[in-house]
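Observations on the model geometry
The lines below spell out each chain.
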Amino acid sequence: MADKIRVLSGMRPTGPLHMGNYLGALDNWVNMQDQYECFFFVADWHALTSDYEKPGPMGEYVRQILIDWLSAGLSPEKSTIFIQSKVPEHAELYLIFSMITPVPWLERNPTYKDQIVQLQNKDLSTFGFLGYPVLQAADILMYKAQGVPVGIDQVPHVEITREIARRFNYLYGTVFPEPEAILTQTPKILGIDRRKMSKSYGNAIYLSDSPEEIRVKVMQMVTDPQRARRSDPGNPDVCNVYEFHKLYTDPEMNRQIDKQCRSAEIGCVECKKIMADNLIKAMAPLHEKRHFYLAHPEIVEEIIIEGSRKARQIAMETMQQVKAAVKIDY
Ligand code: SF4
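Read on for an overview of the structure. Per chain, residues are indexed from 1 in the order of the written sequence. Residues qualify for local features only when their pLDDT is at least 70, as the model is predicted, and side-chain atom pairs are given and counted only at 80 or more; totals for whole chains, interfaces and linings, by contrast, use all residues. The side-chain quantities take in all heavy atoms of the structure and omit both hydrogens and water.

Considering the pattern of salt bridges
Each salt bridge in this description consists of a side-chain nitrogen of Lys or Arg and a carboxyl oxygen of Asp or Glu lying within 4 Å of one another. Here the structure, examined in full by the defined rule, presents 21 salt bridges. Salt bridges sharing common partners tie together Glu159, Arg162, Arg166, Glu178 and Glu180.

So, the site of the ligand
When we say a residue is near a molecule or strand, we mean one of its heavy atoms is within 4 Å of it. What surrounds the ligand is the set Thr223, Asp224, Arg227, Cys239, Val241, Tyr242, Cys261, Cys268 and Cys271. For the shell around the ligand, the class distribution of residues is six nonpolar, one polar and two charged. We call Asp, Glu, Lys and Arg charged. Ala, Val, Leu, Ile, Met, Phe, Trp, Tyr, Cys and Pro are nonpolar, and the rest, Gly among them, are polar.

With respect to the side chain of Lys272
A run of DSSP states H or I qualifies as a helix once it reaches four residues; a run of E qualifies as a strand once it reaches two. Both are numbered from the N-terminal end. With respect to the element layout, Lys272 can be found in helix α13 (residues 268–295). For the buried residue Lys272, which engages in no salt bridge, the nearest side chain bearing the opposite charge is Asp224, 12 Å off. Working rule for contacts: check all heavy atoms of both residues, and any pair within 4.5 Å makes them a contact. In this structure, Lys272 is in contact with Val218, Met219, Gln220, Met221, Thr223 and Val241, ignoring residues within four places of it in sequence. Only protein chains enter the calculation, and the probe is 1.4 Å; a residue is then buried if its accessible area is under 20% of its type maximum, exposed if over 50%, and partly exposed in between. Only four residue types enter the charge count, namely Lys and Arg as positive and Asp and Glu as negative; His and the chain termini do not.

Some remarks on the packing of helix α8 (residues 132–142) against helix α9 (residues 155–172)
Note on method: axes are straight lines fitted to C-alpha atoms, helices fitted across the in-contact stretch only, with angles between N-to-C directions ranging 0 to 180 degrees. Relative to each other, α8 and α9 sit at 70 degrees, their axes nearing to 9 Å. Between α8 and α9, the angle is such that the two are roughly perpendicular. In this structure, α8 contributes Tyr132, Pro133, Val134, Gln136, Ala137, Ile140 and Leu141 to the contact, and α9 contributes His157, Ile160, Thr161, Ile164 and Ala165. Taken together, the residues that form the contact of α8 with α9 break down as nine nonpolar, three polar and no charged. When an angle is under 35 degrees it counts as roughly parallel; over 145 it counts as roughly antiparallel; between 65 and 115 it counts as roughly perpendicular; any other value is oblique.

Concerning the environment of Tyr132
With respect to the secondary-structure elements, Tyr132 resides in helix α8. Separated by 93 residues in sequence, Tyr132 and Phe39 place their C-alpha atoms 19 Å apart. The contacts of Tyr132, once residues within four sequence positions are left out, are His46, Thr49, Asn109, Thr111, Tyr112 and His157.

Quick word on the pairing of strand β1 (residues 6–11)
Successive residues of a regular strand alternate their side chains across the two faces of the sheet. In terms of burial, β1 is largely enclosed, as five of its six residues are buried. Where β1 lies against strand β2 (residues 37–42), six bridges are found, and the strand directions are parallel. Note on β2: the bridge partner recorded for Met11 is Val42. We treat two strands as partners when DSSP finds at least two bridges between them.

Observations concerning the environment of Val241
Checked against the element boundaries, Val241 lands in helix α11 (residues 240–248). Residue Val241 is classed as buried on the basis of its relative accessible area of 0%. Note: C-alpha distance between Val241 and Met275 (34 residues apart in sequence) is 7.3 Å. When sequence neighbours within four positions are dropped, the list of residues in contact with Val241 reads Met221, Thr223, Cys271, Lys272 and Met275.

This is the structure in structure tokens:
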């Protein structure tokens, strides 16, 4: 373990995970487990930064996300899996970081500016929402993570974390490393209506969907919008079904579909059936594990108690160093 780079990442519990979450992050986390010393946490406090008015059934969301993670292959043998609010030291470090973080750093955060515009139905003029990158910095630096797996749009957050680490070390002496963003490549899959896959658009295929539900959704998928009739040649390059084929169908079959689509030898219905079969087959082991964890909630409970205990031990050690550095260790 000691020679592995430590990485940390989290997800907000906002409901069941869909294929976009899976292919955009979770699948990558599963693969990282052998290469890195991984910490994965359920960011329940973060869910409150934008949804404080209607938090939803948070306990249920936390349980669902944990079952999705474990079913997808996150392993408590390989990774430390925990819940943010079970390690209250995150809030303590967040408070100390908030003392030293200049407000303009937060105001210029592109995600903050973007979300204020995008989420006009929510009141985001709160201290918590402005300060969520500070909480993220506390999450990451608490474990002295050297790497943070992120998509390109989250790189500015890692940059703020680096700036906060640098400022803390400058003011009080070196305690924290400056973590690097580990950029992750994600396939460009969309929702069944060709918009971004999102719970709020009602266009998602969920990890919890049964084979029958997957099949129905695949058959509803919007394909190449230019291909109005079966006799029209299609373009797989702009087709969401084909993006799934690239992931779940063998390369030889893919080449054939590509050719047959362009020459109108294959219809979208047949093409979707092949994709649905392959997707369902690929998801079968995940579904099997899902049933197991649903039937054994006590195992999920044990995993999370143990993971949160391990995380908290490290967090308490970090806080001792922080308090000594800030001279509040009396
Ligand atoms: S045949 Fe397949 S790849 Fe071509 S447009 Fe239809 S669904 Fe997409």
